[in-house]
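A look at the structure
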Amino acid sequence: MSQSFGVHPHGFYGLMEMLKTWTQTLSLSGVPAGGSPSLDGKVRVGFVQFSGIPTNVLPNGNIDAAQTTPAQMGSSGRLTGSKVELESELEWQETNYMQGGTYIASALDTAADMFKASPADGRKKVLLIFTDGRIQDADKLTTA
């Protein structure tokens, strides 16, 4: 991600611009994170950034290399159908860019928790992963 990407001097910032544009085109539910789910079939989205340097090891052995927006910012690490929350979420993620290795196990755990906390309203759950490197903690991945 450190190479240029289109007009961007760094691939991460090009990716963030693409995600901002993409979220503006989605058929979002309009319901903020934690709000009552609508049954209109529209979309909710959440973001988890992963990377990091293997200095903070969790009790389960995973490298602590995942981050979502903190409480009271964006969606606070939850799925949301609010454009305002998504804009705030992506701005925070861009400002708090994680650099380092490609440690994904804790990010997948975080994403799974995000899905579990989402109301069971019959929607399909989709996870998109963007990475620029080989996963360095593949031995920590489990099947769900």
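To start, this report covers the structure provided alongside it.

Cut-off values and rules
- Residues numbered from 1 in each chain as written.
- Predicted model: local features only at pLDDT ≥ 70, side-chain atom pairs only at ≥ 80, totals over all residues.
- Heavy atoms only, no water.
- Helix = DSSP H or I, 4+ residues; strand = E, 2+ residues; numbered from the N terminus.
- Rg over C-alpha atoms; globule rule 2.2 N^0.38 Å.
- Buried < 20%, exposed > 50% of the residue type's maximum accessible area, 1.4 Å probe, protein only.
- Core = buried A, V, L, I, M, F, W, Y, C linked by side-chain atoms within 4.5 Å.
- Contact = heavy atoms within 4.5 Å.
- Salt bridge = Lys/Arg side-chain N within 4 Å of Asp/Glu carboxyl O.
- Axes fitted to C-alpha atoms, helices over the stretch in contact; angles between N-to-C directions.
- Parallel < 35°, antiparallel > 145°, perpendicular 65-115°, else oblique.
- Nonpolar A, V, L, I, M, F, W, Y, C, P; charged D, E, K, R; others polar.

**Some thoughts on the overall build of the chain**
- What the chain contains, in helices and strands, is three helices and two strands.
- Listing every helix and strand of the chain by position from the N terminus yields α-β-β-α-α.
- Relative to the globule expectation of 15 Å for 144 residues, the C-alpha radius of gyration of the chain, 15 Å, shows essentially globular dimensions.
- Considered along the principal axes of its C-alpha atoms, the chain spans approximately 40 × 40 × 25 Å.
- Put simply, the chain has 144 residues, and 38% of those count as buried.

**Overview of the nonpolar core**
- Listed in full, the ten residues of the largest apolar core are Phe12, Leu15, Met16, Leu19, Leu26, Leu28, Val45, Phe47, Leu86 and Leu90.
- Sequence-distant contacts of Leu86, that is, excluding residues within four places in its chain, are made with Thr23, Leu28, Val45, Phe47 and Thr80.

**Focus: the pattern of salt bridges**
- Under the defined criterion, the tally for this structure stands at two salt bridges.
- The salt bridge involving Lys20 is made with Glu91; its shortest N-O contact spans 2.8 Å. With Lys20 in helix α1 (residues 11-25) and Glu91 in helix α2 (residues 83-95), this residue pair connects regions lying 71 residues apart in the sequence.
- Across the salt bridge formed by Lys20 and Glu94, the nearest N and O atoms sit 2.6 Å from each other. Highlighted residues: Lys20 in helix α1 and Glu94 in helix α2, separated in sequence by 74 residues.

**Quick look at the packing of α1 against α2**
- Taken N-terminus to C-terminus, the directions of α1 and α2 make an angle of 180 degrees; their axes are 10 Å apart at the nearest point. Between α1 and α2, the crossing angle belongs to the class labelled roughly antiparallel. Here Phe12, Tyr13, Met16, Leu19, Lys20, Thr23 and Gln24 of α1 lie close against α2, whose contacting residues are Lys83, Leu86, Glu87, Leu90, Glu91, Gln93 and Glu94.
- A breakdown of the residues in the contact of α1 with α2 according to their chemical character gives six nonpolar, three polar and five charged.

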